[in-house]
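Topology and contacts: notes
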Amino acid sequence: MSDITLVDRHEPLWKRLPVVVQLRRSTGWQRAMLIVGVVICALFLLVALFAPLIAPYGFGQQQGADGVNFPRTAAPSAEHIWGTTVGGLDVFSRVLFGTRTAVLVVIVAVIVSITIGVLLGMVSGYIGGWLDRILVVVADAIYAFPSLLLAIVVSIVVSGGRSTYWGGIIAAAISITVVYIPQYFRVVRAEAVRLKNDAFVESARVIGTNPWRIMTRHVLRNSTRSLPLILTLNASDAVLTLAGLGFLGFGIGPTQGAEWGYDLSRALSDVASGVWWTGVFPGVAIVLLVLGVTFIGESLNDISDPRLRARRRLKQLVSTRRAAAMTEGAGS
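Keep in mind that this is a model prediction, so the values were computed, not measured. Numbering of residues starts from 1 in each chain and follows the order in which that chain's sequence is written. At least 70 in pLDDT is required for a residue's local features to be given in this predicted model, at least 80 for side-chain atom pairs to be given and counted, and no such filter applies to totals for whole chains, interfaces and linings, which use all residues. Remark: hydrogens and water are excluded; side-chain values derive from all non-hydrogen atoms of the structure.

**Quick word on the nonpolar core**
I176, Y184, V219, L227, W260 and L289 are the most contacted members of the largest nonpolar core, which has 54 residues in total. Elements are defined by DSSP. Helices are runs of H or I of four residues or more, strands are runs of E of two residues or more, and each kind is numbered from the N terminus. When residues of this core are traced back to their parent elements, those giving at least two are α3 (28-49), α5 (91-127), α7 (147-159), α8 (165-195), α9 (199-206), α10 (211-222), α11 (227-247) and α13 (277-303). By residue number, the principal contributor to this core is α5, which donates eleven residues. In this structure, Y184 is in contact with V110, S113, I114, G117, V118, L227, I230, L231 and N234, ignoring residues within four places of it in sequence. One finds A55, F92, L96 and F97 within the second-largest nonpolar core, a separate group that totals five residues. Working definition of a nonpolar core: buried Ala, Val, Leu, Ile, Met, Phe, Trp, Tyr and Cys residues. They are joined through side-chain atoms within 4.5 Å. Classification of residues uses two cut-offs on accessible area relative to the type maximum, computed with a 1.4 Å probe and protein chains only: under 20% is buried, over 50% is exposed, and between them is partly exposed. Whether two residues touch is decided by their heavy atoms; if any such pair falls within 4.5 Å, the residues are in contact.

**Section: the confidence of the model for the protein chain**
pLDDT: the predictor's confidence for each residue, scored from 0 to 100. Within the protein chain, residue pLDDT values average 78, and 79% of them lie at 70 or more. Averaged over each element, pLDDT in the protein chain is lowest for helix α1 (residues 2-9) (42) and highest for helix α4 (residues 51-54) (90). In the predicted structure, residues 1-7 sits below a pLDDT of 50 and forms zero contacts with residues beyond four places in sequence or in another chain.

**A few points about the packing of α5 against helix α6 (residues 129-144)**
Direction vectors running N to C along α5 and α6 enclose 135°, while the axes themselves pass 7 Å from each other. Taken together, the axes of α5 and α6 lie oblique to each other. With respect to the hand of their crossing, α5 and α6 are arranged in left-handed fashion. Two secondary-structure elements touch here, α5 through L120, V123, S124, G125 and I127 and α6 through G129, L131, D132 and L135. The nonpolar class holds Ala, Val, Leu, Ile, Met, Phe, Trp, Tyr, Cys and Pro. Asp, Glu, Lys and Arg form the charged class, and all remaining residues, Gly among them, are polar. Broken down by class, the residue content of the contact of α5 with α6 amounts to five nonpolar, three polar and one charged. To define axes, lines are fitted to C-alpha atoms, for helices over the stretch in contact only, and angles between the resulting N-to-C directions are given on a 0 to 180 degree scale. Here is the rule for angles: anything less than 35 degrees is roughly parallel, anything more than 145 is roughly antiparallel, 65 through 115 is roughly perpendicular, and the remaining ranges are oblique. The sense of a crossing depends on the near helix, which, turned anticlockwise from the far helix by less than a right angle, makes the crossing left-handed and, turned clockwise, makes it right-handed.

**Quick word on a nonpolar patch on the surface**
Two joining distances apply to patches: 9 Å for like charges and 5 Å for nonpolar side chains (Val, Leu, Ile, Met, Phe, Trp, Tyr), and every residue must have over 30% relative accessible area and no salt bridge. For every accessible area listed, the method is Shrake-Rupley and the probe measures 1.4 Å; residues are considered covered only by the protein chains on display. Whenever a carboxyl oxygen of Asp or Glu lies within 4 Å of a side-chain nitrogen of Lys or Arg, that contact is scored as a salt bridge. A cluster of nonpolar side chains, contributed by I35, V39, L43, L46, L49, F50, L53 and I54, occupies part of the molecular surface with about 760 Å² of accessible area. Counting residues per element, the ones that place at least two in the nonpolar patch are α3 and α4. Here the nonpolar patch gets five residues from one element, more than from any other, and that element is α3. Within the element layout of this structure, L49 appears in helix α3.

**Section: α5**
Expected helix span is given by 1.5 Å per residue-to-residue step, counting one fewer step than there are residues. Helix length check: α5 (37 residues) gives 53 Å between terminal C-alpha atoms against 54 Å at 1.5 Å per residue, within 8%. The buried count for α5 comes to 26 of 37 residues, which makes it a mostly enclosed element. G128 sits one or two residues past α5 and shows a positive phi near 70°.

**Digging into the environment of D90**
Examined against the element boundaries, D90 turns out to sit in the loop between α4 and α5. For the pair formed by D90 and Q63, sequence separation is 27 residues and the distance between their alpha carbons is 9.8 Å. Any pair of nitrogen or oxygen atoms within 3.5 Å is treated as a polar contact; in protein, a donor-acceptor pairing is required on top of that, and neighbouring residues in sequence qualify only through side-chain atoms on both sides. Looking at D90, its side chain comes within polar contact range of the side chain of S93, at 2.8 Å.

**Overview of unusual backbone geometry**
A positive phi angle, near 45°, is found at T73, a position not held by glycine. As for its position among the elements, T73 is in the loop between α4 and α5. The class for T73 is partly exposed, based on a relative accessible area of 28%.

**Overview of the packing of aromatic side chains**
Here a pair means two rings of Phe, Tyr or Trp (six-membered ring of Trp) with centres within 6.5 Å. Their orientation is stacked below 30 degrees between planes, edge-to-face above 60, and tilted elsewhere. Here the structure, examined in full by the defined rule, presents seven aromatic pairs. Ring geometry for F59 against F97: centres 5.8 Å apart, planes inclined by 65°, an arrangement best described as edge-to-face. Here F59, found in the loop between α4 and α5, pairs with F97, found in helix α5; they are 38 residues apart in sequence, far enough to count as distant. We classify F59 as partly exposed; its relative accessible area is 24%. Taken together, a centroid distance of 4.9 Å and an interplanar angle of 90° make the contact between W82 and F92 edge-to-face. Taken together, the residues span a long stretch of sequence, with W82 in the loop between α4 and α5 and F92 in helix α5 at a distance of ten residues. Grouped by ring-pair contacts, the aromatic residues W82, F92, W276, W277 and F281 constitute a single cluster.

**What about the pattern of salt bridges?**
All told, the structure shown has four salt bridges when counted by the stated rule. Notably, a salt bridge pairs D263 with R94, separated by 2.7 Å at the nearest N-O pair. Of this pair, D263 sits in helix α12 (residues 260-271) while R94 sits in helix α5; the two residues are 169 residues apart in sequence, bridging distant segments of the chain. The pair D263 / R94 is uniform in exposure class, with both members buried.

Structure (structure tokens):
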């Protein structure tokens, strides 16, 4: 183990980056899934970052530069490559700006939920006592509620059902955060309970180390190994939760920003009239983003499987022996 650590420390920095490390450890289908997931998520991030530059029109724009209104429910054409909605909005521009909304909500929700969940789980597991019992009861009560129903209730409380663009993003992010905090709390608490009686923690406590330093330096460092997997799975679920909120009318206001779930809800009445493009493209965007994040999560889960690492080492050993045998045969 020490030899591996020594080699890793002397490798170039780019080989030690998180995604690169997982790519080097992966094999077969796990590597293919990880590459596809990373490419899909990277494309969505680029679209979210440069949406105002890529989109030909604004998310709420109904007129061209000449002042003429866009046609309503127009089929895909050269002017509107993904057609227009019943309100005369460009579908392509709406989907691009909806990407920015989805990415912002997911990022805010995941960062806030993992920060609060890890902090509460570490304090609860390490300190224990009455504080631990109260936090466990609260987390179990929240975890028992259906996630979408809880998100709807929190969204109504936070925003009253109506909000501005950033207010809607914050409200949706808080709604999703409340749902996911118990998951991080449970994982970190269980690890903290297990680690607080280990020898290295006891040694730090005996020499008089500050409890906060023990929690952050020793307990936290060793209790967050499974969080990347939970993070990716929650990120994909957050996209669906945001779409559900928008579909039911509890998301961002239609005049404040573009949101895929709201566009899908408006497209329901178009299906009977043969207008398929208003619902297909937002739906495909949701599926692709969820698929990309899920691919990353599933590949990380497989990479962390010790059986996969054993197969990889066996494969490397067989390849090394074959190369050595070929070298000896050529030399003789």
